[in-house]
Amino acid sequence: MTDAADLRGRTADLLAAHPPATTERLAFLRARFDAGLAWVHFPEGLGGLDAPRSLQAVVDTELEAAGAPGNDPGRIGIGLGMAAPTILRYGTDEQKQRLLRPLWTGEEVWCQLFSEPGAGSDLAALATRAVRDGGGDWIVDGQKVWTSSAHLARWAILIARTDPGLPKHRGISYFVCDMTDPGVEVRPLRQITGEAEFNEVFLTGVRIPDTQRLGEVGEGWKVAQTTLMNERVAIGGARTPREGGMIGVAAADWRARPELRTHDLHQRLLKLWVEAEVARLTGERLRQQLTKGQPGPEGSGMKLAFARLAQEISGWEVEFLAEDGLTYDDWTMRRPDGVDFTGREAGYRYLRAKGNSIEGGTSEVLLNIVAERVLGLPPEPRTDKDVAWKDLPR
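Residues numbered from 1 in each chain as written. Predicted model: local features only at pLDDT ≥ 70, side-chain atom pairs only at ≥ 80, totals over all residues. Heavy atoms only, no water.

Draft legend 1. Summary view of the overall build of the protein. In terms of helices and strands, the protein carries eleven helices and eight strands. C-alpha extents for the protein along the principal axes are approximately 70 × 55 × 45 Å. When the 394 residues of the protein are sorted by exposure, 51% land in the buried category. In the protein, once contacts between residues fewer than 6 apart in sequence are set aside, the share between residues at least 24 apart is 70%. (Helix = DSSP H or I, 4+ residues; strand = E, 2+ residues; numbered from the N terminus. Buried < 20%, exposed > 50% of the residue type's maximum accessible area, 1.4 Å probe, protein only. Contact = heavy atoms within 4.5 Å.)

Here is the structure:
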């Protein structure tokens, strides 16, 4: 059984064989993966050691102290937080061996082809079609939208309708799509921030081998639930120190600008600080639960809290800073590698936080999930449960 002492020894061996000061970054990351120190709870040979997830912090602390390079999780978060756990659970041995290592090292960026113009909150209503040809491949046609990192991605996790004669949740299959294949077109979507962090993706006659399917045909919704549960944990449950993240920026503004303080703003900041700390501690508890298995619907509650707090804190900050809160450094249209909530000015944070209650599941949908799957309340009436997708009004 791998314990903390064993992991410290393995980490010391890695550092001795590949000194961070003299080892090229990618070479070090590959060596770390091969040593089983990438995500220690993964199986041996796939970047892990079958160790408890809680022991990952032991490795991370040792490597950080040694100045070892990281894999830039902000840039490859979709691969790390969503694609990897899904591939691990449903992928074949060949898929795991081919995809997980370059995913973790950041050599191959991933994106998520789920939402569509007519299927956002009601994701299971998606219309993108995948039709089997005579040779075993799937031919995919459709449109996806709000796709983060599509302009950077080599691979995508994709759900498409493979049987329109079944009810909408049962006629979906899950694929891995090569974003460099013919027929994949990525177009930028400029946001209120001025950036095009999101994209729309058009799929026209894209050929996907059946070997790139995850899970059984028609069970894509089941596979997608693994992705979505992990996504909400990744968005709302990221580990932060006390007074970290956006509340830390707001508190720093308060301390730096005493001339702007008022009693009302002080009371509101204290309330937000307490709520942020409660959310942080709840996230720690959720991560402890994750060490015992797959994420559950509790991640939806964390994502809900994250979205609300991000919007309220950024609104408080803009109000506190008055005219300085309205400044904006650069409105140039660009396609960034990721989102930086703490490294930009207050105006950016305020505008970007508006998307937090939409991305990763709208707050309205997540409230239903918490109500039904956490609190055990009766589900909302559904008239389309047993109706074939092709017969639904659109």
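Draft legend 2. Seen up close, the pattern of salt bridges. Taken as a whole, this structure holds 35 salt bridges when the rule is applied. With a closest N to O distance of 2.5 Å, Asp384 and Lys168 form a salt bridge. A residue pair is termed long-range when its members are at least 10 positions apart, and Asp384 in the segment after helix 11 (363-374) and Lys168 in the loop between strand 4 (155-161) and strand 5 (172-178) qualify at 216 residues. Taking relative accessible area as the criterion, Asp384 reaches 16% and is therefore assigned buried. (Salt bridge = Lys/Arg side-chain N within 4 Å of Asp/Glu carboxyl O.)

Draft legend 3. Quick look at a nonpolar patch on the surface. A contiguous nonpolar surface patch, about 280 Å² in accessible area, is contributed by Val374, Leu375 and Leu377. Mapped onto the elements, Val374 comes out in helix 11. A residue is classified by how much of its surface remains accessible, and Val374, at 39% relative accessible area, is partly exposed. (Patch = residues over 30% accessible without salt bridge, like charges linked within 9 Å, V, L, I, M, F, W, Y side chains within 5 Å. Areas by Shrake-Rupley, 256 points an atom, 1.4 Å probe, with all protein chains shown as cover.)

Draft legend 4. Seen up close, the environment of Glu277. Here Glu277 is to be found in helix 8 (residues 263-290). Judged by its relative accessible area of 9%, Glu277 falls in the buried class. Along the primary structure Glu277 and Glu243 are separated by 34 residues, whereas in three dimensions their C-alpha atoms are 7.3 Å apart.

Draft legend 5. Local environment of the environment of Glu94. Note that Glu94 resides in helix 5 (residues 93-105). Between the C-alpha atoms of Glu94 and Thr211, which are 117 residues apart in sequence, the distance is 9.1 Å.

Draft legend 6. Here's a closer look at helix 4 (residues 77-90). Its 14 residues give helix 4 an end-to-end C-alpha distance of 19 Å, which sits within 8% of 20 Å, the value for a rise of 1.5 Å per residue. Along its length, helix 4 reaches its greatest deviation from straightness, about 40°, at Ala83, and the proline Pro85 lies no more than four positions downstream. Summarising burial for helix 4: eleven of the 14 residues are buried, a large majority. Residues of helix 4 that are buried include every one of Ile78, Gly79, Leu80, Gly81, Met82, Ala83, Ala84, Pro85, Thr86, Ile87 and Tyr90, and no others. (Expected span 1.5 Å × (residues − 1). Bend = angle between axes of the 7 residues up to and from the residue.)

Draft legend 7. Quick look at unusual backbone geometry. Here Ser149, not a glycine, exhibits a phi torsion of approximately 65°, which is positive. One can find Ser149 in the loop between strand 3 (138-144) and strand 4. The backbone of Glu243 sits at a positive phi, close to 55°, despite the residue not being glycine. Mapped onto the elements of the fold, Glu243 is located in the loop between helix 6 (220-236) and helix 7 (245-256). Accessibility expressed as a relative area gives 26% for Glu243, which makes it partly exposed.

Draft legend 8. Layout of helix 1 (residues 4-17). The end-to-end C-alpha distance of helix 1, which contains 14 residues, comes to 20 Å, matching closely the 20 Å that a straight helix rising 1.5 Å per residue would cover. Taken together, the buried positions of helix 1 are occupied by Leu7, Thr11, Leu14 and Leu15. Each buried residue of helix 1 lies within a common arc of 95° when the element is viewed along its axis, so the set occupies one face. In this structure, helix 1 carries Ala5, Asp13, Ala16 and Ala17 as exposed residues pointing more than 90 degrees from its buried face. Residues of helix 1 that are buried make contact with helix 2 (25-34) and helix 3 (56-65). (Arc of directions from axis to C-beta.)

Draft legend 9. Structural view of the pairing of strand 3. For strand 2 (residues 129-132) and strand 3, the ladder comprises four bridges, and the chain directions are antiparallel. Its bridge partner being in strand 3, Val131 is matched across the sheet by Ile139. Counting the residues that bridge the hairpin from strand 2 to strand 3 gives five residues, and of these Gly136 lies at a positive phi of roughly 105°. When strand 3 meets strand 7 (residues 198-208), the two strands line up antiparallel, connected through six bridges. Its bridge partner lying in strand 7, Lys144 is registered against Val201. (Pairing = 2+ DSSP bridges.)

Draft legend 10. The arrangement of the state of the cysteines in detail. Inspection of every chain in the model, using the stated rule, returns zero disulfides. Free cysteine: Cys111, not disulfide-bonded; nearest cysteine sulfur from Cys177 at 7.8 Å. Cys111 gets classed as buried once you look at its relative accessible area, which sits at 0%. (Disulfide = S-S within 2.5 Å.)

Draft legend 11. Quick peek at the nonpolar core. With 37 residues, the main nonpolar core has Trp39 and Trp110 as its most contacted residues. Those elements giving two or more residues to this core turn out to be helix 2, helix 4, helix 5, strand 4, strand 5 and helix 6. With seven residues, the top contributor of residues to this core is helix 4. Not counting the four nearest positions on each side in its chain, Trp110 is found in contact with Ile78, Gly79, Ala83, Ile87, Leu99, Leu103, Ser149, Ala153, Trp155, Ala156, Ile157 and Val176. Ranked by size, the runner-up nonpolar core spans 19 residues in total, among them Ala250, Leu265, Phe341 and Ala346. (Core = buried A, V, L, I, M, F, W, Y, C linked by side-chain atoms within 4.5 Å.)

Draft legend 12. Inspection of the environment of Trp273 at higher detail. Its location among the elements puts Trp273 in helix 8. Distance in space between the C-alpha atoms of Trp273 and Thr147 is 32 Å, their sequence separation being 126 residues.

Draft legend 13. Region of the structure containing the side chain of Arg352. Examined against the element boundaries, Arg352 turns out to sit in helix 10 (residues 346-352). With relative accessibility at 3%, the residue Arg352 sits in the buried group. At 2.8 Å, the side chain of Arg352 forms a polar contact with the side chain of Glu359. In this structure Arg352 touches Gln191, Thr193, Glu197, Phe198, Val339, Phe341 and Glu359, once residues within four positions along its chain are discounted. (Polar contact = N/O pair within 3.5 Å; in protein donor to acceptor, adjacent residues only side chain to side chain.)

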